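Overview (structure and organization)
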Amino acid sequence: MDLHEYQGKEILRKFGVAVPQGFVAETADEAVEAAKKLQETAGATVWAVKAQVHAGGRGKAGGVKIAKSIDDVKNAASQIIGMTLVTKQTGAAGKLVRKVLVEQGIYGPNAEGVTDVKEFYMSVLLNRATGRNIIMYSTEGGMEIEKVAEETPEKIFKEEVNPATGLLPFQANRIAYNLGLTGTANKKMKAFVSALYKAYVASDSSMFEINPVVKTSFDEIYAADCKVKLDDNALFRHKDYAEMRDITEEAPAEVEAGKYGLNLVKLDGNIGCMVNGAGLAMATMDIIKLSGGEPANFLDVGGTASAETVEAAFRIIMKDPNVKAILVNIFGGIVRCDRVANGVVEAYKKIGNISIPIIVRLQGTNAIEAKEIIDNSGLKVLSAITFEEAAKLVSDVVKK
């Protein structure tokens, strides 16, 4: 589950990670009040007004503005709230900005008036190859890490953490050293890294990305930005985090699918998929591609598909205007094929007026009985037993 920047920073703050003070605002007037609070509590004279959407690249798209007066804050918030922000991660449709984060400015000169600000990149995530968490970091903060990896890979460092011991002091020290920090900044960075790793583990996150981590002119270390992705499977341990979910940032079809226990990922193709099991879903998408089509979705109905879930799956898929046909590919291991077949027939009759072809491949327990149910239903449903038959039917549909 993705979090907004301000939500991720709430978690970081609880575990002692230094983050700028800030308040969320849904209107320009609320942004002004937030700026005034920061002026009083943090002595802010410069503010950052940042769009809150589940996407990176906000600054380049005009979703982050620096304000040097209260009037600037109001103008920036007025421009950002309500805009459709288009970045590399949002796609061409973009995302509607409903709120902004107003933060204190943390960049500035030191007591002698000399600016000595540095930006770093840091993330914590799981290395699936080794089954261990790693801290990935670089001196090239504020940039796209993919670009750094491509052009200057020697500037990316990795620290792998043994789960039996956790992050050890010498590892935090090595990170601070590799970032070129000394003195107070070195000590602050070591504390920052330790707190960040603690927050990652304790929150059951699957990724923390801080870009940039800022060393200010006063040698303070801040998480100036953050991207947090929580592990959905662990949310039962974090009821307060589960409440942070913002469904307005998610695809409506995926939200609806979740209500029925369906796993859906929306794609841009023309053949809808209804499958049970992730492996079979991947194979089904392959067969669609090989047949000349493009998958319109990844939809897993699970191992206990019922007439209700099948009907819901049909309705969700058919809301996509690009879908030319639906391929139902079920392996009857836990669930019997005849039960799924009856579910397909019932769903078809309830929905009615289905104008696109439906191809049903049922294999496994009671597959023969299932094919008879489909063939004898009188409905315009094409049945198949083998992958080859299903591929041929998909190919015929695509060619029409």
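Below is a summary of the structure that appears in this document.

Conventions and cut-offs
- Residues numbered from 1 in each chain as written.
- Predicted model: local features only at pLDDT ≥ 70, side-chain atom pairs only at ≥ 80, totals over all residues.
- Heavy atoms only, no water.
- 1 Å grid on protein atoms, 1.4 Å probe; cavity = no way out; pocket = protein on both sides within 12 Å on 5 of 7 lines; lining within 4 Å.
- Points joined across faces, edges and corners; volume = space filled by probe spheres on them.
- Helix = DSSP H or I, 4+ residues; strand = E, 2+ residues; numbered from the N terminus.
- Nonpolar A, V, L, I, M, F, W, Y, C, P; charged D, E, K, R; others polar.
- Expected span 1.5 Å × (residues − 1).
- Buried < 20%, exposed > 50% of the residue type's maximum accessible area, 1.4 Å probe, protein only.
- Contact = heavy atoms within 4.5 Å.
- Polar contact = N/O pair within 3.5 Å; in protein donor to acceptor, adjacent residues only side chain to side chain.

Further remarks concern the layout of surface pockets. A probe as big as a water molecule, rolled over the atoms, marks out the empty space that is left. When its volume is computed, the second largest pocket comes out at roughly 210 Å³. If you go around the second largest pocket, the residues you meet are Leu125, Leu126, Arg128, Asn133, Tyr200, Val201, Asp204, Ser205, Ser206 and Asp231. For the lining of the second largest pocket, the elements supplying multiple residues, two or more each, are β7 (118-127), α6 (183-202) and β10 (205-215). Here the residues of the lining of the second largest pocket sort into 4 nonpolar, 3 polar and 3 charged.

Look at helix α13 (residues 387-399): 18 Å from first C-alpha to last across 13 residues, which is about the 18 Å you get at 1.5 Å a residue. Of all the positions in α13, only Ala390, Ala391, Leu393, Val394, Ser395 and Val397 are classed as buried. On its buried face, α13 sits against β14 (271-275), α9 (278-290), β16 (325-332), β17 (358-364) and β18 (381-384).

With that out of the way, let us pick up the environment of Val301. Turning to its location among the elements, Val301 is positioned in the loop between β15 (297-300) and α10 (307-318). Taking the C-alpha atoms as reference points, Val301 and Gly277, 24 residues apart in sequence, are found 7.6 Å from one another. With sequence-adjacent residues up to four places away left out, Val301 is seen in contact with Leu262, Met274, Val275, Asn276, Ala313 and Ile330.

Attention now goes to the side chain of Gln104. Mapping Gln104 onto the fold places it in strand β6 (residues 100-104). A distance of 2.8 Å separates a polar atom in the side chain of Gln104 from the backbone nitrogen of Gln21. Beyond its immediate chain neighbours, meaning those up to four positions away, Gln104 contacts Pro20, Gln21, Leu38, Ala42, Ala44 and Val46.

This is a description of form; function is not addressed.
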